[in-house]
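Here is how the chains run, residue by residue.
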Amino acid sequence: QALSQLDLSAADLVLIEGYRQSPSFPRIECHRVELKKPLLFPDDENIIAIATNQPLDTQRQQLDINNPNQVANFIIGWLENT
């Protein structure tokens, strides 16, 4: 597994796609409503926000999946507060 080869103590941030069953890492769930797939949140407490293309009925922080600047700003803000 590629993640096990990283020295996570030397990294501030690792962007990875597709690690749904990964260990306890904070993550942003990507969700496109038209795909009709179930949300991983709320069953995954490691999800800190949901990037989606339509508003969802949840209190979890939502980001516009089509607005990469908004997603990047959320990540930067989250890193500054952790």
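Structure: above.
Residues numbered from 1 in each chain as written. Predicted model: local features only at pLDDT ≥ 70, side-chain atom pairs only at ≥ 80, totals over all residues. Heavy atoms only, no water.

What to know about the nonpolar core
No. 1: Counting seven residues, the largest nonpolar core is built from Ala49, Ala51, Leu63, Ile65, Val71, Phe74 and Ile75.
No. 2: Among the secondary structure elements, those contributing two or more residues to this core are β2 (47-52) and α1 (68-80).
No. 3: It is α1 that provides the largest number of residues to this core, a total of three residues. (Core = buried A, V, L, I, M, F, W, Y, C linked by side-chain atoms within 4.5 Å. Buried < 20%, exposed > 50% of the residue type's maximum accessible area, 1.4 Å probe, protein only. Helix = DSSP H or I, 4+ residues; strand = E, 2+ residues; numbered from the N terminus.)

A few points about a nonpolar patch on the surface
No. 1: The grouping of Leu6, Leu8, Val14 and Ile16 at the surface amounts to a nonpolar patch, some 290 Å² of accessible area in total.
No. 2: Checked against the element boundaries, isoleucine 16 lands in the segment before β1 (27-31). (Patch = residues over 30% accessible without salt bridge, like charges linked within 9 Å, V, L, I, M, F, W, Y side chains within 5 Å. Areas by Shrake-Rupley, 256 points an atom, 1.4 Å probe, with all protein chains shown as cover. Salt bridge = Lys/Arg side-chain N within 4 Å of Asp/Glu carboxyl O.)

Examining the sheet that holds strand β3 (residues 62-64)
No. 1: The strand order across the open sheet built from three strands is β1-β2-β3, with neighbouring strands paired in parallel fashion. The sheet terminates laterally at β1 and β3, the two strands that pair on one side only. Shown here is a sheet whose adjacent strand axes are inclined to one another by a mean of 30°, direction ignored.
No. 2: Where β2 meets β3, three bridges bridge the pair, whose relative direction is parallel. Within β3, the residue paired with alanine 51 across the bridge is leucine 63.
No. 3: Strands in contact with α1 are β1, β2 and β3; relative to β3, the strand with the most contacts, it is inclined by about 140°. (Pairing = 2+ DSSP bridges. Axes fitted to C-alpha atoms, helices over the stretch in contact; angles between N-to-C directions. Contact = heavy atoms within 4.5 Å.)

Distances and angles like these do not, on their own, reveal function.
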